[in-house]
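Coordinates in review
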Amino acid sequence: MKKLTLLAALPLVLALSGCLEVEQHPAWVKGQYAGKKDTRHFQTLFHNDKLSWSAAIINRNNQQNEYNRANP
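As recorded in an unreviewed UniProt entry, the protein goes by Lipoprotein and comes from Massilia litorea.

Spelled out as structure tokens, the structure:
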């Protein structure tokens, strides 16, 4: 009896789960994005100093280059 009740409730659960789509896009106001403003890494981690951020990225890339690491 319990299995029959579960089988009877299964289509209802599946039908309701398909109807629960939630809007995930923020609204547009006057043709512009109205969501949270995305900050760049150099703005948050390097106090808005784009040049030092760029230097850090270049240094990191040079450290990962195997040709530079193998040849002294």
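Quick look at the overall build of the protein now. A tally of regular secondary structure across the protein gives 4 helices and 2 strands. Its helices and strands taken in sequence order, the protein reads α-β-β-α-α-α from the N to the C terminus. Compactness check: the protein gives a C-alpha radius of gyration of 27 Å against a globular reference of 11 Å for 72 residues, more than 25% above the reference. Viewed in the frame of its principal axes, the protein has a C-alpha envelope of about 75 × 45 × 20 Å. In the protein, which comprises 72 residues, the share counted as buried stands at 1%. For the protein, the accessible surface area stands at approximately 7,400 Å², while carbon and sulfur atoms represent 59% of it. Across the protein, the mean location of the 9 positive side-chain charges is 5 Å away from that of the 5 negative side-chain charges.

Once that is clear, we can look at unusual backbone geometry. A negative phi angle characterises most non-glycine residues, just as the trans form characterises most peptide bonds. Of note in this structure, H47 is not a glycine but carries a positive phi near 55 degrees. In the Ramachandran plot, N48 falls in the positive-phi region, its phi being about 65 degrees despite a non-glycine side chain. In this structure, N48 sits in the loop between α2 (41-44) and α3 (50-64).

Take the packing of aromatic side chains next. Throughout the structure, instances matching the rule amount to 2 aromatic pairs. Arranged with centres 6.4 Å apart and planes meeting at 75 degrees, the rings of W28 and Y33 form a pair that is edge-to-face. On the basis of relative accessible area, W28 is assigned to the exposed category, the value being 59%. Where F42 meets W53, the ring centres are 5.9 Å apart and the plane angle is 50 degrees; that geometry is what we call tilted.

On the surface, a nonpolar cluster with roughly 310 Å² of combined accessible area is contributed by L7, L10 and L14. Here L14 shows up in helix α1 (residues 2-18). The exposed category is assigned to L14, whose relative accessible area is 53%.

With that settled, consider α1. Here α1 contains 17 residues, and its C-alpha end-to-end distance of 25 Å stays within 8% of the 24 Å for a straight helix at 1.5 Å per residue. Along α1, the largest kink reaches about 30 degrees and is centred on A9; proline P11 follows within four residues of it. Sparse coverage of α1 is indicated by the burial of 0 of its 17 residues.

Definitions and cut-offs
- Residues numbered from 1 in each chain as written.
- Predicted model: local features only at pLDDT ≥ 70, side-chain atom pairs only at ≥ 80, totals over all residues.
- Heavy atoms only, no water.
- Helix = DSSP H or I, 4+ residues; strand = E, 2+ residues; numbered from the N terminus.
- Rg over C-alpha atoms; globule rule 2.2 N^0.38 Å.
- Buried < 20%, exposed > 50% of the residue type's maximum accessible area, 1.4 Å probe, protein only.
- Areas by Shrake-Rupley, 256 points an atom, 1.4 Å probe, with all protein chains shown as cover.
- Lys, Arg positive; Asp, Glu negative; His and termini not counted.
- Charge placed at Lys NZ, Arg CZ, Asp CG, Glu CD.
- Phe/Tyr/Trp six-rings, centres within 6.5 Å; stacked < 30°, edge-to-face > 60°.
- Patch = residues over 30% accessible without salt bridge, like charges linked within 9 Å, V, L, I, M, F, W, Y side chains within 5 Å.
- Salt bridge = Lys/Arg side-chain N within 4 Å of Asp/Glu carboxyl O.
- Expected span 1.5 Å × (residues − 1).
- Bend = angle between axes of the 7 residues up to and from the residue.

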